[in-house]
Amino acid sequence: MALSSFFRSSRNVFSAAILLRAVFLVYGHFQDAFSPMKYTDIDYYVFTDAARFISRGKSPYARDTYRYTPLLAWFIYPTTWPGFWFSFGKVLFAIGDIVAGWMMFRILRTYQKMPQEQALKFASIWLLNPMVATISTRGSSEGLLGVIVIALLWAVLSKRAELAGVLLGFAVHFKIYPFIYATSIVWWLDGSRLGQKKTTRPEISSGLATQIRQFANRDRIVLTIYSLATFMGLNLAMFSIYGVPFVEHSYLYHVIRSDHRHNFSPYNTLLYLNASPKDSGIASSSLRLERLAFLPQILLSTVMIPLALAKKDLPSTMLAQTFAFVTFNKVCTSQYFLWYMMFLPFYLPSSTLLRSHSIGITSLVLWIVGQVAWLQQGYQLEFLGRSTFVSGLWLSSIFFFLVNVGILSVIIRDVKEKDNIAADLPAASKKVRK
């Protein structure tokens, strides 16, 4: 009863979300000061070092391993000021979490027509999630990305094509992977959804020119122009200031990267062998496999899933796209899980994972067990110095991959089986409106 009354007030939920992150921030200072295992993510030191180089009139890429847009370093410029300002970036990322959660709540209320209590419960999957709060307060920038992506979803659902285009271009500049959403958004923006009148007159011509005219409606054209203009404008501005290192570290590196540390992907062992200085036959074959790794990933996330599902349910399609992109990526770290977790509040209300407790609980348990198994092997490798690549680490990666493929199949089936192809409201929301 007390829990139910808690979710009746948005003030309760958002206050608890802010308090959760405040506690983690304070605890993080304590752990950094007194524990050999630091709370602050190593990436945060990379960000703040890059900002420090900028404050000295240098390039952020003077800091080794800074592989991001210079805008990120500029956003946390106050960390270069003395005193408690070093934590400014963590606070900014945590605020990003809260803003993203607020936008989720508004989308659930406005576009999925949920009553406030139900909307707050599902938004709390993000807002009150310790994993989300931990990653941001450790200094990961995923909270800022969450704001951009959820704002993009809101702009599309609101039929604000200009704003959606700007946000899409900015999101891809900030971090490459949101480009996968372009296909689903464009496919979703058909004439019937935009309020255009349907004609009852049969089409005389079904030629290519007619199909192109029907496809190229105003919103699709506007979205394309604004997104490309924003993306290219930001890139040209950064290139004019920082030159080739900007292109090399912000884009090219992510195409050829071969990180094998903290990598849940089945490609982990192959990437490790490829990083070896020995030019063995195994290393050579791993290089070839590495170059082909993006094919199933891109095919699923940018072509097959969007075309099959986007017109049925855009938010859930974006979840399926992101889940596929992360699962099949050659580098998969725990931070990447936030990329798809931000869409869970929109998908779960009418999902099999909630309707069937056996499937939902089993999926969650296996997803956690898969990570625990990998982390146990990774701990032995990195902290105890034991070689666990074969077969422990590799088998745990395969197990976690198969678990994720199974969950992805459930998500795709749920979206595919939606009755109304033009609906964006899950079944649970429709029942509420009756």
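Residues numbered from 1 in each chain as written. Predicted model: local features only at pLDDT ≥ 70, side-chain atom pairs only at ≥ 80, totals over all residues. Heavy atoms only, no water.

### Here we look at the overall build of the protein
In terms of helices and strands, the protein carries 23 helices and zero strands. The long-range share in the protein, meaning contacts at least 24 apart out of those at least 6 apart in sequence, stands at 73%. For the protein, the exposed area adds up to about 20,900 Å²; of that, 67% sits on carbon and sulfur atoms. (Helix = DSSP H or I, 4+ residues; strand = E, 2+ residues; numbered from the N terminus. Contact = heavy atoms within 4.5 Å. Areas by Shrake-Rupley, 256 points an atom, 1.4 Å probe, with all protein chains shown as cover.)

### Quick notes on a nonpolar patch on the surface
Side chains of Ile361, Val365, Leu366, Val369 and Phe399 sit close together on the surface and give an oily, nonpolar patch of about 400 Å² of accessible area. Here the nonpolar patch takes four residues from helix 21 (residues 357–382), the largest share from any one element. Judged by relative accessible area, Val369 falls into the partly exposed class, the value being 40%. (Patch = residues over 30% accessible without salt bridge, like charges linked within 9 Å, V, L, I, M, F, W, Y side chains within 5 Å. Salt bridge = Lys/Arg side-chain N within 4 Å of Asp/Glu carboxyl O. Buried < 20%, exposed > 50% of the residue type's maximum accessible area, 1.4 Å probe, protein only.)

### What about the nonpolar core?
Grouped together as the largest cluster of nonpolar side chains are 104 residues, with contacts concentrated most on Tyr66, Tyr177, Tyr181, Phe337 and Phe343. Ranked by residue count, the leading element in this core is helix 8 (residues 142–157), at eleven residues. Discounting residues that sit within four places of it in the chain, Phe337 has contacts with Met131, Phe264, Val326, Cys332, Trp367, Gln371 and Phe400. (Core = buried A, V, L, I, M, F, W, Y, C linked by side-chain atoms within 4.5 Å.)

### A word on the UniProt feature "transmembrane region" (unreviewed entry) in the protein
If you check UniProt for "transmembrane region" (unreviewed entry), the listed places come out as residues 12–30, 84–105, 126–157, 163–189, 221–244, 322–342, 354–375 and 387–412 in our numbering. Strand forms 0% of residues 163–189 and helix 74%; the C-alpha atoms that close the span are 14 Å apart. (UniProt positions renumbered as here; feature names shortened; annotations may be inferred.)

### A short note on unusual backbone geometry
With a phi close to 70°, Thr65 is a non-glycine residue in the positive phi region. Structurally, the position occupied by Thr65 is in the loop between helix 3 (42–55) and helix 4 (70–75). Phi is positive for Lys159, which is not a glycine, with a value near 60°.

### Some points on the packing of helix 8 against helix 10 (residues 181–188)
Axis separation between helix 8 and helix 10 bottoms out at 11 Å; the angle between their running directions is 15°. With respect to helix 10, the element helix 8 is oriented roughly parallel. Taken as a pair, helix 8 and helix 10 cross one another with a handedness that is right-handed. Between helix 8, through Val149, Leu152, Val156 and Leu157, and helix 10, the contact on the second element is made entirely by Tyr181, Ile185 and Trp188. Among the residues making up the contact of helix 8 with helix 10, the classes are represented as seven nonpolar, no polar and no charged. (Axes fitted to C-alpha atoms, helices over the stretch in contact; angles between N-to-C directions. Parallel < 35°, antiparallel > 145°, perpendicular 65-115°, else oblique. Left-handed = near helix turned anticlockwise from the far one by under 90°. Nonpolar A, V, L, I, M, F, W, Y, C, P; charged D, E, K, R; others polar.)

### Observations regarding the environment of Val26
Here Val26 shows up in helix 2 (residues 10–34). According to the relative accessible area criterion, Val26 is exposed, its value standing at 60%. For Val26 and Thr137, which are 111 residues apart along the polypeptide, the C-alpha to C-alpha distance reads 9.5 Å.

### Focus: the packing of aromatic side chains
Applying the stated criterion across every chain, the model contains 34 aromatic pairs. Aromatic side chains Phe30 and Phe34 sit 5.0 Å apart centroid to centroid with 40° between the ring planes, which places their arrangement in the tilted category. One end of the pair, Phe30, and the other, Phe34, are both in helix 2, four residues apart, so they sit about a helical turn from each other. Judged by relative accessible area, which is 63%, Phe34 ranks as exposed. Ring-pair connections join several aromatic residues into one group, and the members of that group are Tyr44, Tyr45, Phe47, Tyr61, Tyr66, Tyr68, Phe86, Phe93 and Tyr242. Between Lys90 and the ring centre of Tyr44, over which it is positioned, the NZ or CZ distance is 5.5 Å. A cation sits over an aromatic face here: Lys311 above Trp187, 4.1 Å from the ring centre. (Phe/Tyr/Trp six-rings, centres within 6.5 Å; stacked < 30°, edge-to-face > 60°. Lys NZ or Arg CZ within 6 Å of the ring centre and 35° of its normal.)

### Here's the deal with the environment of Leu71
With respect to the secondary-structure elements, Leu71 resides in helix 4. By relative accessible area, Leu71 is classed as buried at 15%. Each C-alpha atom of the pair Leu71 and His173 lies 9.5 Å from the other, and the pair is 102 residues apart in sequence. Each residue touching Leu71, except ones within four places of it in the same chain, is listed here: Phe170, His173, Leu234 and Met238.

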